[in-house]
Every structure is written in C-alpha cells, then in structure tokens.
Amino acid sequence: MKKQTPFSFWRNEEGRAMLASLSGGGLIVICKVWAYFLCGSLAVMADMMESLVHNLAVVFAAYCLWVSHRPADRNHLYGHGKIQFFSSGLEGALICGAAILIWVQSWRNWLIGYEMANVREGLILVAFAMVFNAILGWFLLWRGKQQQSIILKANGLHVLSDSVTTLCALLGVVAVSFTGYLWIDLLIALGGAVYIFYEGIGLVRASFSGLMDEADLKVDQVVRDVLDEECAEHNCTYHALRHRSEGNRHWLELHLVFKTDASLAEAHEMATHLETKLRDQFSEPIMITTHMEPAKVD
C-alpha cells in the first residue's frame, strides 16, 4: 500500500471536499460577523456564533478525516476509522455549548437594550451567506454519501441546518424592519438556540452510538437475509454473528458450521462464495472474518 502523506490526502475526493468546507465556511463566518456588526440583530448574532463554532469544529474534523485514512499499524490493528465518531461528538458538544451561549447572550442584550441599524446592508450579507451555505451543504452531503464518509455527511447536514437558521435570521430582520417589534428578533434568536442545541445533541448521540458499536438494524437485516438464503441452499448453518461500522467501512465476523463429511476445500470455497455475496450488498468496504467448524455429532 502506498504510504499516505498529508499532501496526498488533500488531493483525493474527500480531502478536496473538506478543503471546500473549510474555505467556504471561513467566507460565511466573515459575512455573518460583518452583518452582525452592521445591523446588531440578535438573530444574526445567534447565526454568526453557530457558524463560528461549526468552523472551529471543522478544523478538527479535517484532521480526523486525514487520520481515518491512515492504514492499520501495530498500535491500531483495526485502523484509525473510529476517530470519525470523536469528530462528530466534539462538533455536537461545541454546538450545544454555542446554543447555551447564544441563549444567555440574547437575554443579556435584550435586558441591556440594543438597536438595529443598516438593515439593508445586513440583509444582503445574510442572504448571500444563506444561499452559499445551502450550495455548500448539498455538495458536502452528496460527496459524503458518495464516499461513505460520516464526517462529510455530518458536516453537510450541519451546513444545511445552518442555512435554515440563516433563513430564520433573515426573516427576523425583515419582520423587525417592517413592524419595529424588537421582540421578534429576540424570539428568533432564542428559537435558533433551541434548534441548534437539538442538532448538537443528535451529533453527540450518533457519536456515542458509533463508539459503543451500536448495531445498525438495516445492515443486520441485509446480512441475515443473505446468510439465511445461502446457508439453506448449501446445507450449512451460522452463529456468533457480529458486525460494527466505522462510518465508511464495516467489520463482520461469524462462524459457519458444515457437515462433518465436508472437506476443508469445500468449506473454504463456500465461505469465499458467501463473503462475496455479502460484499456485493454494500457500496462501502466490508472486512469479513469467517470461522469454519464441523457440526457436532450426537
């Protein structure tokens, strides 16, 4: 296997997608910071803080994505793929922290008192950020599904949700500019904080599921359907089935039980055939370990 270098990784599809996320996210943060200092909206502030925290998390996610592609070594016999779950967990925790900070800061600004100004200029910047975020989010989600990358998919979903909160901020600024009711701005900022917190909890939950090897019921059903069909056809049975996912790769192991008169060559041929059938069911790589054993004689 060709040794991976930091530069070679950033030239592949996932690396380029992450670089696009980093550069695009940086542009979005600049636009939102500028918009907030122009118009002073609490809703825009909430959206700005969420984007800032997200981009800090993306820096760590980029590192995790690079590490996840490193080959197995003597210290990590199963490879480095599980670091992807640390990435999504950290991002979720940071998002939850940002949501709490947005809630506190919004109430603080409201109690102190504030005014909105330069609404038109702020709206232009917020609208640009919303459209750009939507395009970037769909691209990351598409690339993540194509590459079976949990980091890119989580990043894409977050960027898309960010475009939704930006839309809410945009509508809030428009509503305040037409009605003059500042409480609308506060309400949208607080609602955005609740939504962001919910999204963060979801990422943390997904991270724990991956780290604890929580079974994917859809994958389990696909595997059992293939095993049941093939074992019935070739007169053998299976047990001790276990499987887990790393986001972009599956690990599967099982015991195959053959009749006592089956030769080792026949059992090996059947196991190879079964492993091929299982691999055909998945678009991402799957590592299969099969233990062959004779049936117990009564």
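Coordinates for the structure precede this section.
Residues numbered from 1 in each chain as written. Predicted model: local features only at pLDDT ≥ 70, side-chain atom pairs only at ≥ 80, totals over all residues. Heavy atoms only, no water.

## Observations concerning the side chain of Asn-133
Next up, step 1: Mapped onto the elements of the fold, Asn-133 is located in helix α5 (residues 119-147).
Next up, step 2: Under the relative-accessibility criterion, Asn-133 is labelled buried at 3%.
Next up, step 3: Those residues in contact with Asn-133 that sit more than four places away from it in its chain are Ile-28, Lys-32, Val-159, Asp-162, Ser-163 and Thr-166. (Helix = DSSP H or I, 4+ residues; strand = E, 2+ residues; numbered from the N terminus. Buried < 20%, exposed > 50% of the residue type's maximum accessible area, 1.4 Å probe, protein only. Contact = heavy atoms within 4.5 Å.)

## Notes on the sheet that holds strand β2 (residues 250-258)
Working definition: the strands of a sheet are paired by backbone hydrogen bonds and lie parallel or antiparallel to each other.
Next up, step 1: Reading across the sheet, the three strands line up as β1-β2-β3 and stay open at both edges, with mixed pairing between neighbours. Both edges of this open sheet fall to β1 (237-245) and β3 (286-294), since each of them pairs with a single strand only. Neighbouring strand axes in the sheet, compared pairwise and without regard to direction, differ in orientation by 10° on average.
Next up, step 2: Strand direction decides the pairing type here: β1 and β2, joined by seven bridges, are antiparallel. In the strand pairing of β2, Ser-245 is matched with His-250.
Next up, step 3: Running over the sheet, helix α8 (residues 217-234) touches β1 and β2 and is turned about 155° from β1.
Next up, step 4: Together, β2 and β3 form the strand contacts of helix α9 (residues 264-279), whose direction differs from that of β3 by roughly 150°. (Pairing = 2+ DSSP bridges. Axes fitted to C-alpha atoms, helices over the stretch in contact; angles between N-to-C directions.)

## Notes on helix α2 (residues 13-39)
Next up, step 1: The end-to-end C-alpha separation of α2 is 39 Å, in line with the 39 Å expected for 27 residues at 1.5 Å each.
Next up, step 2: Trailing α2 by a residue or two, Gly-40 shows a phi angle of about 75°, which is positive. (Expected span 1.5 Å × (residues − 1).)

## Describing the nonpolar core
Next up, step 1: Judged by nonpolar contacts, the single largest core of 32 residues is most densely connected at Leu-42, Val-44, Met-45, Ile-102, Met-116 and Val-173.
Next up, step 2: Those elements that provide at least two residues to this core are α2, α3 (42-68), α4 (83-112), α5, α6 (150-179) and α7 (182-211).
Next up, step 3: Judged by nonpolar contacts, the second largest core, of 20 residues, contains Val-219, Leu-241, Met-270 and Ala-271. (Core = buried A, V, L, I, M, F, W, Y, C linked by side-chain atoms within 4.5 Å.)

## Concerning the environment of Cys-64
Next up, step 1: For Cys-64, the position within the fold is in helix α3.
Next up, step 2: In sequence terms Cys-64 and Ile-112 are 48 residues apart; their C-alpha atoms lie 41 Å from each other.
Next up, step 3: Not counting residues up to four positions away in its chain, the partners in contact with Cys-64 are Ile-83, Ser-87 and Ile-151.

## Notes on the pairing of β2
Next up, step 1: For β2, a buried count of seven out of nine residues is recorded, marking the element as mostly surrounded by other parts of the structure.
Next up, step 2: The sheet contact formed by β2 and β3 spans nine bridges and is parallel. If you follow Phe-258 over to β3, its bridge partner there is Pro-294.
Next up, step 3: Crossover β2 to β3 through α9 is right-handed. (Right-handed = clockwise from strand over helix to strand, strands pointing away.)

## Focus: unusual backbone geometry
Next up, step 1: In this model, Asn-235 sits at a positive phi of 60°, which is unusual for a non-glycine residue.
Next up, step 2: Tracing the backbone through its elements, the reader meets Asn-235 in the loop between α8 and β1.
Next up, step 3: Of note, the phi angle at Ala-240 is positive, near 55°, even though the residue is not glycine.
Next up, step 4: Here Ala-240 shows up in strand β1.

## A word on the packing of α3 against α4
Next up, step 1: In contact at an axis separation of 9 Å, α3 and α4 are set at 165° when each is read in the N-to-C sense. Taken together, the axes of α3 and α4 are roughly antiparallel relative to one another. By crossing handedness, the relation of α3 to α4 is classed as right-handed.
Next up, step 2: Residues that form the contact of α3 with α4 fall into these classes: 19 nonpolar, seven polar and two charged. (Parallel < 35°, antiparallel > 145°, perpendicular 65-115°, else oblique. Left-handed = near helix turned anticlockwise from the far one by under 90°. Nonpolar A, V, L, I, M, F, W, Y, C, P; charged D, E, K, R; others polar.)

## Let's talk about a negative patch on the surface
Next up, step 1: A cluster of acidic side chains, namely Asp-225, Asp-228, Glu-229 and Glu-233, defines a negative patch on the protein surface.
Next up, step 2: Note that Asp-228 resides in helix α8. (Patch = residues over 30% accessible without salt bridge, like charges linked within 9 Å, V, L, I, M, F, W, Y side chains within 5 Å. Areas by Shrake-Rupley, 256 points an atom, 1.4 Å probe, with all protein chains shown as cover. Salt bridge = Lys/Arg side-chain N within 4 Å of Asp/Glu carboxyl O. Lys, Arg positive; Asp, Glu negative; His and termini not counted. Charge placed at Lys NZ, Arg CZ, Asp CG, Glu CD.)

## A look at the packing of α2 against α3
Next up, step 1: The contact between α2 and α3 brings their axes to 9 Å, and the two run at 160°. As summarised for this structure, α2 and α3 are arranged roughly antiparallel, according to the angle between their axes. The two elements α2 and α3 meet at a crossing, and its hand is left-handed.

The values reported here are purely geometric and, on their own, carry no functional implication.
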